[in-house]
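Close look at the chain arrangement
Here is how the chains run, residue by residue.
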Amino acid sequence: TDIRIGPELIRRRKGGIPLVCLTAYTYPVARLLDPHVDLLLVGDSVAMVLHGHETTLGASLDMMIAHGQAVMRGSARACVVVDMPAGSYEVSAALAVASARRIVDETGCQAVKLEGGVDIAGQIAAIVAAGIPVMGHIGLLPQSVEKDGGYKIKGRTDETVAALMADARAVEKAGAFSVVIEGTIEAVAADITRRIAIPTIGIGASGDCDGQILVIDDMVGLTVDRVPKFVKEYADLRRVIAHAAERYAAEVRERTFPGPNHVFSGSKASSDSNDG
Ligand code: KIV
Ligand code: NA
């Protein structure tokens, strides 16, 4: 039986218990997060977070598929959504469907996510019509950072509020099962949440959204560069890793590692198995 949370279950959580979402890019992290979340997003933020690119424009379809496969191997329960990278869907509905199909066929993920509203409604509708569930993404769009001249919070002016509402409605009408609202004035994100029938997932948006998402590395304090205001660090893995590396370096240099338990003595004792 399929116990995995699907897009339809996510959709039905509108207005209910908040949806818990995190990004994941690797097998071990997916294993650790899967029991605790409703949805795992293989975000194109992987290009920045794991690969050190300047922006998410460094993500490729092959990169997204490789990380999607890793996360699927590590998760059993959460709804797994894989981001469509920049360049894989904007120019036509046909390209969008072909790219989405590759992602789903090669990873086995539950859904794909695309950035944009009114401008890519045709792509969303075409992917949904092809039988692939779609998550929308409106507000601050990291794939448009170069075009926008930086990471700019949306919904500060009447004009952008109207554009955001139009984007939200377009994504809903195109058949998306939920929508991420990123980097948007709190009251505007809350208002969108009230006005559309699909769950909104906030990041730098509003506590009134139907769910929340954060980048896993930001959330556990592993991000070495500046973290945005909307991030809450629930752990300090930078310190944990630096401290472990420091102790390891000292012990190797003073020859206290490896110790007797970390070498094979050649006796037939069970401690000689390589199982730890
Ligand atoms: O790529 C990403 O991590 C995202 C989320 C933060 C929404 O798109
Ligand atoms: Na993304």
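A quick note: this is a predicted structure, and the numbers were derived from the prediction, not measured.

Another point: the nonpolar core. Among the nonpolar cores identified, the biggest contains 73 residues, and L40 and V112 are the most heavily contacted of them. The contacts of L40, once residues within four sequence positions are left out, are L22, A24, A30, L33, D34, V71, S75, A78 and V80.

With that settled, consider the pairing of strand β8 (residues 211-214). By the bridge criterion, 4 bridges tie strand β1 (residues 19-23) to β8 in an arrangement that is parallel. Considered in β8, the bridge of C21 is made with I213. With 2 bridges joining them, strand β7 (residues 200-203) and β8 adopt parallel strand pairing. In the sheet register, I201 faces β8, and the bridge partner there is G211.

Bringing the UniProt feature "active site" (unreviewed entry) in the protein chain into the picture now. When the UniProt feature table is mapped onto this chain numbering, "active site" (unreviewed entry) sits at E182. Considering the arrangement of structural elements, one finds E182 in strand β6 (residues 178-182). Not counting the four nearest positions on each side in its chain, E182 is found in contact with H137, G139, L140, I203, G204 and A205.

Right, let's talk about helix α8 (residues 158-173) for a bit. Here α8 contains 16 residues, and its C-alpha end-to-end distance of 22 Å stays within 8% of the 22 Å for a straight helix at 1.5 Å per residue. Among the residues of α8, those classed as buried are L164, D167, A168, A170, V171 and E172. Buried residues in α8 make contact with α6 (121-129), β5 (134-139), β6 and α9 (186-195). Backbone geometry just downstream of α8 places G175 in the positive-phi region, at approximately 105°.

Before going further, it helps to spend a moment on the site of ligand 1. Near ligand 1 you find T23, L41, G43, D44, S45, D83, V180, E182, I203, I213 and V215, and these make up its full shell. Across the shell around ligand 1, the residue classes break down as 5 nonpolar, 3 polar and 3 charged.

On to the UniProt feature "binding site: 3-methyl-2-oxobutanoate" (unreviewed entry) in the protein chain, then. Within the UniProt annotation, "binding site: 3-methyl-2-oxobutanoate" (unreviewed entry) is assigned to D44, S45, D83 and K113. A maximum C-alpha distance of 12.4 Å among these annotated residues, which run over 70 residues, shows that they cluster at one spot. Mapped onto the elements, S45 comes out in the loop between β2 (39-42) and α3 (46-49). What S45 contacts, discounting residues up to four positions off in sequence, is T23, T56 and V215. Among all residues touching D83, those that are not within four sequence positions of it are L41, V42, G43, D44, M64 and K113.

Here we come to the sheet that holds β1. Taken together, the 8 strands give a closed barrel; going around it, the order is β1-β2-β3-β4-β5-β6-β7-β8, and neighbouring strands pair in parallel fashion. Strand-to-strand twist across the sheet, computed as the mean angle between neighbouring axes with direction ignored, equals 25°. Pairing of strand β3 (residues 79-83) with strand β4 (residues 111-113) involves 3 bridges; the strand directions are parallel. Residue pairing for β4: D83 is matched across the bridge by K113.

Turning our eyes to something else, we now look at the pairing of β5. Within β5, 6 of the 6 residues are buried, leaving the element largely enclosed by the surrounding structure. As paired elements, β4 and β5 share 2 bridges and run parallel to each other. Note that in β5 the partner of V112 across the bridge is V134. Regarding the hand of the β-α-β motif, the stretch spanning β4, α6 and β5 is right-handed.

In this section: the environment of S60. With respect to the helices, strands and loops of the structure, S60 is situated in the loop between α3 and α4 (61-74). Under the C-beta neighbour-count criterion, S60 is labelled partly exposed, with 16 such atoms within 10 Å. Here the alpha-carbon distance between S60 and M84, two residues 24 residues apart in the chain, equals 8.6 Å.

Here α4 spans 20 Å end to end across 14 residues, near enough to the 20 Å set by a 1.5 Å rise per residue. Among all positions of α4, only M64, I65, H67, G68, V71, M72 and G74 are buried. Each element contacted by the buried residues of α4 is listed here: α2 (27-33), β2, α3, β3 and α5 (93-107).

Each pair of packed helices gets described by two things: the angle between the helix axes and the distance between those axes. Look at α4 against α5: their axes get within 9 Å of each other, and the N-to-C directions meet at 30°. By the angle between their directions, the pair α4 and α5 is classed as roughly parallel. Crossing geometry of α4 relative to α5 is assigned as right-handed. For the pair α4 and α5, contact is made by L61, M64, I65, G68, Q69 and M72 and by S99, R102, I103, E106 and T107, respectively. Considered class by class, the residues forming the contact of α4 with α5 number 5 nonpolar, 4 polar and 2 charged.

The rules behind each value
Residues take numbers from 1 onward in each chain, read along the sequence in its written order. For naming, the first written chain is A and the first written ligand is 1, with later ones following in the order written. Totals for whole chains, interfaces and linings use every residue, but because this is a predicted model, local features are given only for residues with pLDDT of at least 70 and side-chain atom pairs only at 80 or more, for both listing and counting. By definition, a nonpolar core groups buried Ala, Val, Leu, Ile, Met, Phe, Trp, Tyr and Cys residues that are joined through C-beta atoms within 7 Å. Residue burial is a threshold on neighbouring C-beta atoms within 10 Å of the residue's own C-beta, all placed from the backbone, with 20 or more meaning buried, 12 or fewer meaning exposed, and counts in between meaning partly exposed. Contact between residues is assigned whenever the C-beta positions, reconstructed from backbone atoms, fall within 7 Å. At least two DSSP bridges between two strands are required for those strands to pair. A helix here means a DSSP run of H or I that spans at least four residues, while a strand means a run of E at least two residues long, and both kinds are numbered starting from the N terminus. UniProt positions are given in the numbering used here, feature names are shortened, and annotations may be inferred rather than shown by experiment. Helix span, expected: 1.5 Å multiplied by one less than the number of residues in the helix. Any residue whose C-beta atom, as placed from the backbone, lies within 6 Å of a molecule or strand is termed near it. Put simply, Ala, Val, Leu, Ile, Met, Phe, Trp, Tyr, Cys and Pro go in the nonpolar bin, Asp, Glu, Lys and Arg in the charged bin, and everything else, Gly too, in the polar bin. Whenever a helix is involved, its axis is fitted only over the stretch in contact; in every case the axis is a line through C-alpha atoms, and angles between N-to-C directions fall within 0 to 180 degrees. Looking down the strands as they point away from you, a crossover is right-handed if its path from the first strand over the helix to the second goes clockwise. Each angle gets one of four labels, with under 35 degrees taken as roughly parallel, over 145 as roughly antiparallel, 65 to 115 as roughly perpendicular, and the rest as oblique. What makes a crossing left-handed is the near helix being turned counterclockwise from the far one by less than a right angle; a clockwise turn instead makes it right-handed.

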